[in-house]
Amino acid sequence: MIVVTTDVIPGYRVQAVLGEVMGLTVRSTNIGGSLTASLRSIGGGEIPEYTTIMYESRHEVMRRMVDEARQRGANAIVAMRFDTGSVGQFSEVCVYGTAVVAEPIPAGEPGSTGQSAHVVAGQQPPG
């Protein structure tokens with residue numbers, strides 16, 4: 001699954017737009033984590049307990065969005081964005097984008113890239 005924050009995928013043509021897909025989670029910390037984080041916040045700096053929650057949340061919502069896109073028959077997601085917020089003592093993480101069917105542009109055609117040419121040829125893309 002190709003996931004990009006841009007509206008286009010260099011070297012690919014969008015053949016079908018399948019609609020918006022998203023992933024969402026609302027998380028809370030356990031009481032021990034909240035207490036530790038509160039004490040750390042007094043001194044300033046990063047709060048590892050919350051960093052871990054946000055990092056795990058981003059991965060979870062990405063997986064959910066990709067699963068939804070696959071269920072619709074997509075092989076790519078364009079215009080992907082994250083959104084975060086809080087609901088009381090809980091943190092919300094949302095990711096959304098547009099599920100599409102994209103096909104690589106073969107070498108020699110306008111818009112082709114080295115990566116798309118390798119994909120069309122059935123080779124591993126460079127890098």
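Residues numbered from 1 in each chain as written. Predicted model: local features only at pLDDT ≥ 70, side-chain atom pairs only at ≥ 80, totals over all residues. Heavy atoms only, no water.

Trainee: Is there a simple way to think about the packing of aromatic side chains in this case?
Mentor: The full count for this structure, using the stated rule, is 0 aromatic pairs. One cation-aromatic arrangement involves arginine 58 over phenylalanine 82; the distance from NZ or CZ to the ring centre is 3.7 Å. (Phe/Tyr/Trp six-rings, centres within 6.5 Å; stacked < 30°, edge-to-face > 60°. Lys NZ or Arg CZ within 6 Å of the ring centre and 35° of its normal.)

Trainee: Got a minute to help me understand unusual backbone geometry in this structure?
Mentor: Most peptide bonds adopt trans geometry, and most residues besides glycine take a negative phi value. Phi is positive for alanine 79, which is not a glycine, with a value near 55°. With respect to the helices, strands and loops of the structure, alanine 79 is situated in strand E3 (residues 76–87). (Helix = DSSP H or I, 4+ residues; strand = E, 2+ residues; numbered from the N terminus.)

Trainee: How should I be thinking about the side chain of serine 57 in this particular structure?
Mentor: Structurally, serine 57 is set in helix H2 (residues 48–71). According to the relative accessible area criterion, serine 57 is buried, its value standing at 0%. In this view, serine 57 contacts Thr25, Arg27 and Val93; residues no more than four positions away in its chain are not counted. (Buried < 20%, exposed > 50% of the residue type's maximum accessible area, 1.4 Å probe, protein only. Contact = heavy atoms within 4.5 Å.)

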